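So the chains spell out like this:
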Amino acid sequence: MAIVIYGIKACSTMKKAFSKLDDLGVAYEFHDYKKQGIDNATVQRWVNELGIDKVLNKRGTTWRKLFDEQKLAADASTEAAIELLIDNTSMIKRPIVEGEHNGQSVLLCGFNDAEFEAAFN
């Protein structure tokens, strides 16, 4: 599996991640949530490996605009949270970088310079 970076093109954090991958000489594909959406199986895999608290961005405006009932449902049920993420991809923490590099599986969530260095050096 090649490296895929998931997110939204105009996001400033995504721009940092693109630059870092380019600087490290890592080839990648970009998956734009706004244009391509995301499927349940992919989000479920991320949640299984990273946890819902890591994948679900509660700091953004999309989360804050949800009805209280939706927030309560997401807090009470991982399945409900995953459905919200699929319907509101802006709530997925960005970027998510997934794939294989030099024979090692990679799954990163959010941009952290040191984590990118460790994963791709």
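Quick note: structure is the one above.
Residues numbered from 1 in each chain as written. Predicted model: local features only at pLDDT ≥ 70, side-chain atom pairs only at ≥ 80, totals over all residues. Heavy atoms only, no water.

Caption draft 1: Summary view of the environment of Trp 63. Counting through the fold element by element, Trp 63 comes out in helix H5 (residues 61–65). For Trp 63, a relative accessible area of 7% gives the class buried. C-alpha of Trp 63 to C-alpha of Leu 84: the two residues are 21 residues apart in sequence and 9.5 Å apart in space. Excluding residues that lie within four positions of it along the chain, Trp 63 makes contacts with Leu 56, Asn 57, Lys 58, Lys 71, Ala 74, Asp 75 and Met 91. (Helix = DSSP H or I, 4+ residues; strand = E, 2+ residues; numbered from the N terminus. Buried < 20%, exposed > 50% of the residue type's maximum accessible area, 1.4 Å probe, protein only. Contact = heavy atoms within 4.5 Å.)

Caption draft 2: The pattern of salt bridges, seen in detail. One pass over the structure, following the stated rule, counts four salt bridges. Note that Lys 58 is salt-bridged to Asp 75, the shortest N-O span being 2.5 Å. Of the two residues, Lys 58 is situated in the loop between helix H4 (52–55) and H5 and Asp 75 in helix H6 (residues 68–76); the sequence distance between them amounts to 17 residues. Through salt bridges with shared partners, a single ionic network connects Lys 20, Asp 113 and Glu 117. (Salt bridge = Lys/Arg side-chain N within 4 Å of Asp/Glu carboxyl O.)

Caption draft 3: Fine view of the nonpolar core. Tyr 33, Val 43, Trp 46, Leu 85, Ile 92 and Ile 96 are the most contacted members of the largest nonpolar core, which has 23 residues in total. Elements represented by at least two residues in this core include exactly strand S1 (4–7), helix H3 (40–50), H4, helix H7 (78–87) and strand S4 (104–109). Per element, the largest residue contribution to this core is four residues, and it comes from H7. Apart from the residues lying within four places of it in its own chain, the contact partners of Ile 96 are Val 4, Ile 5, Tyr 6, Tyr 33, Trp 46, Val 55, Leu 107, Leu 108 and Cys 109. Core analysis: the next-biggest nonpolar cluster, separate from the first, contains 13 residues, Ile 5, Cys 11, Val 97 and Phe 120 among them. (Core = buried A, V, L, I, M, F, W, Y, C linked by side-chain atoms within 4.5 Å.)

Caption draft 4: Quick look at the sheet that holds S1. What the four strands build is an open sheet, ordered S2-S1-S3-S4; its pairing is mixed. The sheet terminates laterally at strand S2 (29–32) and S4, the two strands that pair on one side only. Going from strand to strand, the sheet's axes swing by 15° on average, the running direction of each strand aside. Sheet topology places strand S3 (residues 96–101) next to S4; six bridges connect them, and they run antiparallel. Its bridge partner lying in S4, Glu 98 is registered against Leu 107. (Pairing = 2+ DSSP bridges. Axes fitted to C-alpha atoms, helices over the stretch in contact; angles between N-to-C directions.)

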